[in-house]
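The residues making up each chain are set out below.
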2 protein chains.
Amino acid sequence: MKRTYTDSIKETFLQFLMKYLTLSKKKKQFISTLPMFKTFPKGSLLFKKGEFTKASYLVIKGGIRTYLMVEGNDITTEFYTETQAFIPSSTIVKTPSNCYATCFEDSILVVCTEDIEEKVFQYIPELTFICRKFSERLLAKMQLSLDMYRSLTPEQRYLHLINERPELIQRVPQYHLASYLGIRPESLSRIRKRLVQKNFRSS
Amino acid sequence: MKRTYTDSIKETFLQFLMKYLTLSKKKKQFISTLPMFKTFPKGSLLFKKGEFTKASYLVIKGGIRTYLMVEGNDITTEFYTETQAFIPSSTIVKTPSNCYATCFEDSILVVCTEDIEEKVFQYIPELTFICRKFSERLLAKMQLSLDMYRSLTPEQRYLHLINERPELIQRVPQYHLASYLGIRPESLSRIRKRLVQKNFRSS
């Protein structure tokens with residue numbers, strides 16, 4: 001049988017899950033039938049501030065950008081790319097969202113609502129344990145991000161970003177990167193120039 | 001039978017758990033026998049940077065302060081007080097800790113190691129679900145903290161702190177509050193003075 005594009009998306013997700021647990025053929029088939037594999041064109045708004053969100057996301061392809069609007073300014077709070085999970089705080093605590101979420105590229109996402117989650121946990125209860133470990137890892141990541149944001153200078157933050165997520169530098173506009181680093185675009189340009197000069201001098 | 005101080009500590013913890021699930025008498029007794037209820041005098045170091053940590057904490061009384069040391073400066077990253085849980089990122093991802101953790105008051109903590117956690121989940125499997133929800137709530141809280149840190153001015157952060165955790169202002173020294181808000185102690189003094197003057201003018 002010919003494999004379709006959708007099959008390959010589902011396969012990517014199953015491969016991801018099977019890093020953490022073994023799945024029988026039956027369980028794989030069950031997961032494949034769930035209505036949670038969605039495509040979004042670049043610029044799609046997943047939700048906006050004030051909305052009650054009910055889903056968690058896993059990026060299969062493309063990426064999600066979350067941002068706040070503060071006195072008319074767009075402040076990027078996170079970029080989620082391939083195999084990263086995004087559980088909006090508003091989905092967890094069931095309050096209106098404080099932020100916006102958009103796809104910064106054409107994207108394929110696993111969109112897991114509470115209804116789907118319930119079905120999955122009933123059929124594959126061992127996933128509860130995996131999901132706890134997953135939430136904890138996201139928690140650790142968030143703790144380290146906050147620590148980093150508190151303790152590093154903007155230049156150090158930029159160097160950290162280059163080290164940890166070099167692909168982001170190519171994939172998102174500089175003004176989004178700047179607000180993510182907590183600086184103005186002009187300051188990011190200055191930092192980049194300074195680093196290029198440093199490299200030039202030391203080479 | 002006379003209730004001891006230790007009984008009352010255990011009772012507080014059980015009350016906390018029973019907000020989230022029903023526990024039989026047998027299960028309560030099982031939890032009470034676990035070696036995880038510990039007292040720490042003010043100033044105790046729970047762990048330091050570079051250590052491999054293996055525990056999660058729940059504050060029954062007193063509080064934990066986590067901090068980074070950056071070029072000789074002590075930067076407070078979080079205060080955990082009564083009924084707040086602290087899962088160090090180093091415990092989650094099994095890497096050396098990036099921070100220090102100390103008790104800023106005489107404290108009673110539930111110190112839950114992986115061994116204890118395993119025993120608990122075997123005996124009370126429904127706690128796995130509660131713990132996932134708990135990690136997710138911590139994740140939501142951390143996300144909102146990071147968003148707040150990114151988007152508010154130091155004065156707004158201070159006002160937010162007064163609103164959300166008014167008791168902290170009385171319980172911790174001003175220089176720790178200042179580093180937690182990402183400002184110098186002199187700036188915090190200026191903010192406090194300005195706010196007092198504003199209140200004075202508007203009263």
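In this text the structure is predicted, and so the values were computed from the model without any measurement.

### Overview of the overall build of chain A
Okay, step 1: When its secondary structure is counted, chain A shows nine helices and eight strands.
Okay, step 2: Structurally, chain A occupies a C-alpha span of about 60 × 40 × 30 Å along its principal axes.
Okay, step 3: Expressed as a percentage of the 203 residues in chain A, the buried residues total 50%.
Okay, step 4: When contacts within chain A are restricted to residue pairs at least 6 apart in sequence, those whose partners lie at least 24 apart make up 70%.
Okay, step 5: As displayed, chain A offers around 10900 Å² of accessible surface, 55% of which is attributable to carbon and sulfur atoms.
Okay, step 6: Put simply, chain A has 32 plus and 20 minus side-chain charges, and the middle of one group is 3 Å from the middle of the other.

### A word on the sheet that holds strand E4 (residues 64–70) of chain B
Okay, step 1: Pairing is antiparallel across the open sheet formed by four strands, whose spatial order is E2-E7-E4-E5 (chain B). In this open sheet, the two strands that pair with only one neighbour each are strand E2 (45–47) and strand E5 (73–80) of chain B. When the angles between neighbouring strand axes are averaged without regard to direction, this sheet yields 30°.
Okay, step 2: In the packing of helix H5 (residues 127–151) of chain A onto the sheet, contacts are made with E4 and E5 of chain B, and the angle to E5 of chain B comes to roughly 145°.

### With respect to the interface of chain B and chain A
The figure often quoted for interface size is the accessible area lost as the parts come together.
Okay, step 1: The interface is formed by 38 residues belonging to chain B together with 38 residues belonging to chain A.
Okay, step 2: Across the chain B to chain A interface the summed buried area is about 3400 Å²; carbon plus sulfur atoms make up 67%.
Okay, step 3: One can count two salt bridges joining chain B with chain A.
Okay, step 4: Scanning the region where chain B abuts chain A turns up 12 residue pairs in polar contact (both at pLDDT 80 or more).
Okay, step 5: For the side of chain B that touches chain A, the secondary structure elements donating two or more residues are E4, E5, helix H3 (89–93), helix H4 (114–123), helix H5 (126–151) and helix H8 (174–181) of chain B.
Okay, step 6: Looking at the side of chain B that touches chain A, its residues break down into 19 nonpolar, 11 polar and eight charged.

Calculation rules
- Residues numbered from 1 in each chain as written.
- Chains lettered and ligands numbered in written order.
- Predicted model: local features only at pLDDT ≥ 70, side-chain atom pairs only at ≥ 80, totals over all residues.
- Heavy atoms only, no water.
- Helix = DSSP H or I, 4+ residues; strand = E, 2+ residues; numbered from the N terminus.
- Buried < 20%, exposed > 50% of the residue type's maximum accessible area, 1.4 Å probe, protein only.
- Contact = heavy atoms within 4.5 Å.
- Areas by Shrake-Rupley, 256 points an atom, 1.4 Å probe, with all protein chains shown as cover.
- Lys, Arg positive; Asp, Glu negative; His and termini not counted.
- Charge placed at Lys NZ, Arg CZ, Asp CG, Glu CD.
- Pairing = 2+ DSSP bridges.
- Axes fitted to C-alpha atoms, helices over the stretch in contact; angles between N-to-C directions.
- Buried area = accessible area lost by both parts, 1.4 Å probe.
- Salt bridge = Lys/Arg side-chain N within 4 Å of Asp/Glu carboxyl O.
- Polar contact = N/O pair within 3.5 Å; in protein donor to acceptor, adjacent residues only side chain to side chain.
- Nonpolar A, V, L, I, M, F, W, Y, C, P; charged D, E, K, R; others polar.

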